[in-house]
Amino acid sequence: LRGYLQSLGISEVGIHLDASYPRQATGIMIGSPQRVQRTYFHAGPSDSVDHPRLAALPHVQTAAWVLVAPIAPATALQHLRDAEVLGIRTMFDPGQCLSRFTSDEIAEALSLTTRLILNAEEWALLQDGFGPAARELASTLEAVIVTDGPGPVRVTAADSHFDVRPPVAEAVDETGCGDAFRAAYVSGLIEGLDERAAIEGGCCLGAQCAETVGAHHFVTDPATLDASRLKAYPQAHAS
């Protein structure tokens, strides 16, 4: 991926190559429209003890958010603890690695999290697999965002609850739509959008990803994405 990242102008600061690690991240997904998707995921080098620490990154104190994406539980907790010490807000996205957490690990992760983002199946697993304690901890967060493919995104914030339905898309490849949603959502928050507008931006980029073959082959910029958002949700922003 190094050449690809360089071609996009993305910094490699904080990326560490562990040549001793024998396996890459691997996912197997089994499902159909009539059945619940089952995901079996090995998080690859995120288990490495050489994973970089947040405090070692230059200018980390200026970060608006730390997004802890699907990685091994021990590493996820390390990042969440470091972010708390550094005073940086966190977004926890356990994804396919959720089933690897113990009840104690998920409880600590939620206690260190500002916002939680996952899909509907992961949300159901969190509530059913980890019991009332997890549900109670999740209810104390600043916001819980639950995506559901082409279905509405459900947002439960400290003082509100609302749904945002993604734009209708002619899906040709749904790989990477969740990542696209998260990228636009976090970007919107950093740019100062309110919660609903940031969710709308995420829905628009997720739809664009679904309409493009290849998980990372769509191209956009802030102005284009914002125009798409205003076109897709005119009533929400009517003066």
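Anything mentioned here points back to the structure above.
Residues numbered from 1 in each chain as written. Predicted model: local features only at pLDDT ≥ 70, side-chain atom pairs only at ≥ 80, totals over all residues. Heavy atoms only, no water.

**Q** Even after reading the chapter, I still don't get unusual backbone geometry, so can you show me in this structure?
**A** Generally, phi is negative for residues other than glycine and the peptide bonds are trans, each holding for most cases. At His59, a residue that is not glycine, the phi angle is positive and equals roughly 60 degrees. Checked against the element boundaries, His59 lands in the loop between strand 2 (35-42) and strand 3 (65-68). Take His59: its relative accessible area is 65%, and that puts it in the exposed class. (Helix = DSSP H or I, 4+ residues; strand = E, 2+ residues; numbered from the N terminus. Buried < 20%, exposed > 50% of the residue type's maximum accessible area, 1.4 Å probe, protein only.)

**Q** Can you help me understand the sheet that holds strand 7 (residues 151-157) in this one?
**A** Sheet strands pair by backbone hydrogen bonding; their relative direction is either parallel or antiparallel. As summarised here, the arrangement of the six strands in space is 3-4-5-6-7-8, forming an open sheet in which the pairing is mixed. The open sheet is flanked by strand 3 and strand 8 (160-164), the only strands paired with a single partner. Across the sheet, the mean angle from the axis of one strand to that of its neighbour is 15 degrees, orientation sign disregarded. As paired strands, strand 5 (residues 115-119) and strand 6 (residues 143-148) are joined by five bridges and run parallel to one another. Bridge pairing links Leu118 to Val146 in strand 6. Here helix 5 (residues 177-190) sits on the sheet and contacts strand 3, strand 4 (89-92), strand 5, strand 6 and strand 7; the angle it forms with strand 5, its principal contact strand, is near 155 degrees. (Pairing = 2+ DSSP bridges. Axes fitted to C-alpha atoms, helices over the stretch in contact; angles between N-to-C directions. Contact = heavy atoms within 4.5 Å.)

**Q** I tried to follow the pattern of salt bridges on my own but got confused; where do I start?
**A** Pairing of side chains with opposite charge becomes possible as their charged atoms draw close. As enumerated under the stated definition, the model contains eight salt bridges in all. Of the charged contacts, one joins Asp226 and Arg229 as a salt bridge, the two residues approaching to 2.6 Å between their closest N and O atoms. Residue Asp226 and its partner Arg229 are located together in helix 7 (residues 222-232), separated by three residues, close to a single helical turn. When its relative accessible area of 6% is taken as the criterion, Arg229 is described as buried. The network of salt bridges with common partners includes Arg89, Arg115, Glu142 and Glu195. (Salt bridge = Lys/Arg side-chain N within 4 Å of Asp/Glu carboxyl O.)

**Q** When you look at the packing of aromatic side chains in this model, what are you seeing that I'm missing?
**A** To describe a pair of aromatic rings, you give the distance between the ring centres and the angle between the ring planes. Taken as a whole and judged by the stated rule, the model has two aromatic pairs. Both rings, one in Phe181 and one in Tyr185, keep their centres 6.0 Å apart while their planes meet at 10 degrees; by these two values the pair is stacked. Of this pair, Phe181 and Tyr185 both sit in helix 5, four residues apart, roughly one helical turn. Exposure remark for Tyr185: the relative accessible area of 0% places this residue in the buried category. (Phe/Tyr/Trp six-rings, centres within 6.5 Å; stacked < 30°, edge-to-face > 60°.)

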